[in-house]
Structure formats: C-alpha cells, structure tokens
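Structural overview
Listed here are the chains, written in short residue letters.
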Amino acid sequence: MEQAAGCSTVGGSYPQKNAEILSSQYGINLFLAGLLLTFAWAVHAVGISKSHLLSYLITLMLIQLLWMLWYLCRSCTQRRLIRDKDTHAGARWLKCGITLFAVITLILDSFKIGYYIDFSNCLSPTEGIFPVTHAVHTILQVYFLWCHAKDVIQSFKTLERFGVIHSVFTNLLLWTNGVLTESKHQLNEHKERLITLGFGNISIVLDDHAPQCNCTTTTLCSIFSQGIYYLYPFNIEYHILASTMLYVLWKNIGRKVEHHQQNKTPFKFHGITVGMIFGLIVLTSTIAIVVVYLIQIGGSKTKSELALTMFYLHAIFVLALMCTAGIVALLIYRLEDRLLDNSKNPARKLDAELLVGTAAGSWLLSWGSILAIICAQGHPKYTWYNLPYSVLVIIEKYIQNLFIIESIHREQEKVNDDIKTLRIVTVSRGSTLSLTPLYKEIYNGTAARDSGDVPCLFKGSICGRENDGAGVAREETNQDNSLVMHSTSDFSFCSRNSVTNNKRRILKNIAAFLFLCNLSLWIPPAFGCRPEYDNGLEEIVFGFEPWIIVVNLAMPFSIFYRMHSAASLFEVNCKT
C-alpha cells in the first residue's frame, strides 16, 4: 500500500514537471525568434524593417495584457480564498524601485509618441502604436506585480506557467530592444570621438536609422530625440527587474510553502550615518566626474585624454575603498559563528545566480582590457591607468559577490525566549518592587536602573522572588550575598550584547556605503561614460568590429550588475 501511494505521488508530479519543461521551451523559442528579428533589423537585413520587429513586440505585449486581465479577474472572483504567499518574493522596496523606473518609462513613451507625431509623414504606424501599447502594458504590469508578485499559484497551474513565462520573455525582449537601440546611439557617438583621439586608421561608418524626412517642429524634435536616449537606462532597468520578479512567480507555481512567520525588516537610517556620508561623497563626486567626462570627451585629443585619466583615477580610488569595505565585512563574518539558511527559496537563489552571471560581463571587458595593454605595441599614457582599474573591477566584484551571497544566506539572529519573557525584580531598602521592562530595553542592556536598583540575571532565568512582609529580612540576606554574582552575570550579558551591536553597526554601515557606491558606478556606463569605447587601445589590438561586439554584449550585463547589487545590498542592510 505504501509503495502504491508513493508511486501515485511521484506519478502525480509528472504532469506539472512536464508543464514546467514545456513552458520554459515555449519561452525560449519565443525569445530566440524575437532575438533574431532584432538582430536582422540591427544589421539592415534585406526584407526586415523596424515595423516588423515592433509588430512582433506589440503582439507579445497584447497577449500578456490578455493573460494579466484574465488573472486579475479570476483573482477578484476568488478574493475570499486563502492563498499561499512567498514572503521572500516581491519586497516592498523592490516594488517601489520598479514603480519609479516605470514612471520614467511612461515619460519615455510620451517622448516617443511626440517624436512619432513630428515625423509621422515618413514613419510606420507601428512606431506610433508601439509606445501607446507599451504604456498600457507598463501600467497594468506594475499593478499586477504590486498585487500578485508574492502569489504561489495552485490552480490552473499549466495555463499559468505558460502565461507567466510568456511575460518573462516578453520583458526580456523589450529589454533587448532597449539595449540595442541605446547601444546603437552610443556607438555612433563613440565613432565620432575616436577621430579626436587620433585613431584615424579605424574606419568610421555611422549606423543611421534616422527618419528620411523633415521634422514639423524642429525644437520639439531635438528635445524628443535627445531626451529619449537619456531615459533609456531607466527603461532597461525596469524591464529586467520585471522579468526577474515574474520569473520568481513562475518558479513558485505549485510550490509547497512552509508556513512560518517572516520577520519584517524595515530600512532605518539610524546607525548608518558614517556609511551614508562616505557613500554620498562618492555619489556626488561620480556625478561630477560624469558631467566633466561627457563635456570634455571628443572635444580635442588633450581634453579626451584628460577626461579618461580623470575617470580612471576616480574609479580606482572608489573600487579600492569598496574592496577594503568588503574584506572588513567578510572578516567580521569569519569571527561570528552563525548558521546559513539553506532552505528552498527561489528569490534568493535567483539573486545569487544573477550576481555571478551578470558579473561575467564586467570580467570579460576587464580581461579584454588587460590583454590589450599587455599585447599593444604603443601605449598612450592614459591607457596605463586602465590596468589597475581592470584588475580592481575583477577583485571588487569577487569580494562583493561573496559578501552579498553570504549575507542573504545567513540566518537572522534569534533571541532566547527566556530573555524575551524575562522579569526583572529589583530590591530596594528591604522592599521588593516587581518591574516588567520592555524587551527592547532588556535586549539592549538599557533597563532602567533607578537609585540603587540592581537587576538580577542568572542563566537567563528569574533569580529574584516576590516576597511578603514576613520574609523580607531573610530574603535580604540571601539577595545581598548573590548580588555580586548577579551583577557579574548581567555585565557579561551586556558586554556580549554590546560587541554584537557594534558588529551589526559596522556591517550596516558597510552595506549602506556599498549600496551608494554601486549606484554611483551604475551612472557612468548607463549615461554614456564608457572608457571601454573611448580609449581606443582595445580596438587596435582586437579590431574595431570584434571589440565593439564584445562591448555591446557585455556592457548591458555590467550595467545591470550594479543596479542588482545595489538592490541586494539594500536588502542586506535591512536584514543586518
């Protein structure tokens, strides 16, 4: 009978496993078809135009909209049902972040609509339909993620797997389209800058997809065309965040959730002043460096070389500080004896995999720069700064990944139940006063000590007893003899607690500092400050086209790594 029951259980899991495999294969084929269509448009393939690519993306978004509307309607009709929730998925700060990126994406869509209106005489209707559809898709998707990112779907599982995975790869294709459009714009600017650096031997052919007609209002067209490319970084981050949240939702379908209370970990500024101050200094200086870089680069050969030197020196200093902070945090972890939480958690597993996977983009660029410096015959002075910069990028990501992954896997510190329910009895001049202080006061060792009142703590239990008036004299003698022992025990407890609090404070400051540093290092590549494009040495060693292909493939992952690291460090700060 037991064997038959076991076979039935295993057999019952086959349909769901097959549904998972089939849905993932559907999503991959959907993505590959869109990827090839995007590539064909990028290389000006015969018979493939931008309207074909946009039509494909519009179709995918409409299908996702229909699925989300169906899911929302079904959820409303089953509102009274108790549903399982994954408390680790869809954190509030993550939802706030994706909402911010979505708002900026809506501004981008409005710019695209205005751009289409100004060039409507020579643009395909799909270029006007796409931003409208995308805006509706963005609004409904953000609402869906706010309401249902934590859901553990247990009904219509096969259908829901296809719906969710369709949404995942739709967002990945929209991300790919944004990355390609933004990269083509950056590439055109890069080709123009190379001339000012003296690399005339590299063939300069601009890849132009500009409309072949005049704008109706020149001023607005200039604002729209320039503003679009400054807003693309936020659109790119929005879609990659949405795809990761939807992927966690897909992994949770049919999952059995352990029902235990999840402690809320709100973000607090208290105790992280030092980390915030140093982080804000790095952020402010980085913004200033980026502004100067974008103004100086391409102006002349001297200005371009000074801009590159300034960027490398600043980045080397920041990366060295981040390495030091990460090493200190890891040393503190080595001094602590705390278990790791190895329970099944799709969100945490995805975070760790994304950290390592996207870091490979930066490592690829760094190793390319190191090989170019070693193999190049001529070395302009500014290129030598690229060597320590590239080495530090590799080391810093290695240390930071180790710190973040260990932090999100560490079990939160639990306090003994005896301490939580501790009742302090104080003795004062022959009378006994029973007090029940707040747990926070006891845990922090700050319970009130009024005029000679001494807490009695011994092995985490109550060591004082309430007495009536007849037994006061006898109890006073016993309490006086044990007073020293109780005080020593209390002092030992407070000392251990003080050391723990100091470690936690240092770790929180390090997490806050690294959070702001990662935001700072996200800004330069996201807004066009890319020395991998501009120093020119790699193009000479590897060839212009091969190196540009490597940069265009690796740079999006490098940019996403910084934003994802910042999000993970925010979570680390809340949990510490």
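Residues numbered from 1 in each chain as written. Predicted model: local features only at pLDDT ≥ 70, side-chain atom pairs only at ≥ 80, totals over all residues. Heavy atoms only, no water.

Re the overall build of the chain
The number of helices and strands found in the chain is 17 helices and 4 strands. Looking at the chain as a whole, 49% of its 576 residues qualify as buried. Nonlocal contacts in the chain, meaning residues at least 24 apart in sequence, comprise 86% of its contacts between residues at least 6 apart. Surface summary for the chain: the accessible area is close to 29,000 Å², and the carbon and sulfur share equals 65%. (Helix = DSSP H or I, 4+ residues; strand = E, 2+ residues; numbered from the N terminus. Buried < 20%, exposed > 50% of the residue type's maximum accessible area, 1.4 Å probe, protein only. Contact = heavy atoms within 4.5 Å. Areas by Shrake-Rupley, 256 points an atom, 1.4 Å probe, with all protein chains shown as cover.)

Digging into helix α17 (residues 544-575)
Between the first and last C-alpha of α17 there are 46 Å, a value that for 32 residues agrees with the 46 Å anticipated at 1.5 Å per step. Of all the bends in α17, the greatest reaches close to 30 degrees and is centred on A554; the proline P556 follows between one and four positions later. In terms of residue burial, α17 counts as a mostly covered element, since 23 of its 32 residues are buried. (Expected span 1.5 Å × (residues − 1). Bend = angle between axes of the 7 residues up to and from the residue.)

Some thoughts on the side chain of H148
Structurally, H148 is set in helix α4 (residues 126-148). Within the structure, H148 has its side chain in polar contact with the side chain of D151 (distance 2.8 Å). (Polar contact = N/O pair within 3.5 Å; in protein donor to acceptor, adjacent residues only side chain to side chain.)

Considerations on the packing of aromatic side chains
Geometrically, a pair of aromatic rings is defined through the distance of the ring centres and the angle of the planes. All told, the structure shown has 21 aromatic pairs when counted by the stated rule. Measuring from ring centre to ring centre gives 5.4 Å for F111 and F224, while their planes differ by 65 degrees; the resulting arrangement is edge-to-face. Taken as a pair, F111 in helix α3 (residues 92-118) and F224 in helix α6 (residues 218-251) lie far apart in primary sequence, 113 residues in all. Through a chain of ring-to-ring contacts, the aromatic side chains of F101, F234, W522 and F527 assemble into a single cluster. (Phe/Tyr/Trp six-rings, centres within 6.5 Å; stacked < 30°, edge-to-face > 60°.)

Remarks on the packing of helix α2 (residues 50-77) against α4
Two quantities define a packed helix pair, namely the angle between the axes and the distance from one axis to the other. Two elements in contact, α2 and α4, have axes whose closest approach is 9 Å; the angle formed by their N-to-C orientations is 30 degrees. As judged from the angle between their axes, α2 and α4 are roughly parallel. Two packed elements cross with a definite hand, and for α2 against α4 that hand is left-handed. Residue composition of the contact of α2 with α4, by class: 17 nonpolar, 10 polar and 2 charged. (Axes fitted to C-alpha atoms, helices over the stretch in contact; angles between N-to-C directions. Parallel < 35°, antiparallel > 145°, perpendicular 65-115°, else oblique. Left-handed = near helix turned anticlockwise from the far one by under 90°. Nonpolar A, V, L, I, M, F, W, Y, C, P; charged D, E, K, R; others polar.)

Some words on the packing of helix α8 (residues 301-335) against helix α10 (residues 386-409)
At a closest axis distance of 8 Å, the pairing of α8 and α10 adopts a crossing angle of 30 degrees. Between α8 and α10, the angle falls in the class roughly parallel. In terms of crossing hand, the pair formed by α8 and α10 is left-handed. Of the residues in the contact of α8 with α10, the class split is 20 nonpolar, 4 polar and 3 charged.

Comments concerning the nonpolar core
One finds F144, F311, M322, Y389, F403 and L514 to be the most contacted residues of the largest nonpolar core, which totals 121 residues. For this core, the element with the most residues is α6, which contributes 16 residues. For this core, the two domains that each supply at least three residues are domain 1 (15-200 + 213-256) and domain 2 (268-411 + 499-575). Look past the residues within four positions of Y389 in its chain and what remains in contact with it is F311, Y312, A315, I316, L319 and E532. (Core = buried A, V, L, I, M, F, W, Y, C linked by side-chain atoms within 4.5 Å. Domains from an automatic or database assignment.)

Focus: the environment of T158
Within the element layout of this structure, T158 appears in helix α5 (residues 157-196). Under the relative-accessibility criterion, T158 is labelled partly exposed at 38%. In the structure, T158 is positioned 140 residues away from N18 in sequence and 9.1 Å away in space, judged by C-alpha atoms.

Observations regarding the side chain of T170
Checked against the element boundaries, T170 lands in helix α5. In this view, T170 contacts L60, M61, Q64 and H137; residues no more than four positions away in its chain are not counted.

Here we look at the confidence of the model for the chain
Here the chain shows a mean pLDDT of 77. Residues at 70 or above account for 73%. Between the elements of the chain, mean pLDDT differs from a low of 38, seen in strand β4 (residues 461-462), to a high of 93, seen in α4. Note that pLDDT drops below 50 for residues 1-12; the model gives that stretch 0 contacts with residues more than four away or on any other chain. The model gives residues 415-477 a pLDDT under 50, and that stretch makes 78 contacts with residues more than four places away or in other chains. (pLDDT = per-residue confidence, 0-100.)

Remarks on the environment of Y232
Of note, Y232 is situated in helix α6. Exposure remark for Y232: the relative accessible area of 4% places this residue in the buried category. On a C-alpha basis, the gap between Y232 and A526 in space is 8.6 Å, while along the polypeptide they are 294 residues apart. Leaving out residues up to four positions away in the same chain, Y232 has contacts with L108, K112, G178, T181 and E182.

Notes on a nonpolar patch on the surface
A cluster of nonpolar residues, V274, I277, F278 and I281, forms a patch on the protein surface that exposes about 390 Å² of accessible area. Along the chain, the position of F278 falls in helix α7 (residues 273-296). (Patch = residues over 30% accessible without salt bridge, like charges linked within 9 Å, V, L, I, M, F, W, Y side chains within 5 Å. Salt bridge = Lys/Arg side-chain N within 4 Å of Asp/Glu carboxyl O.)

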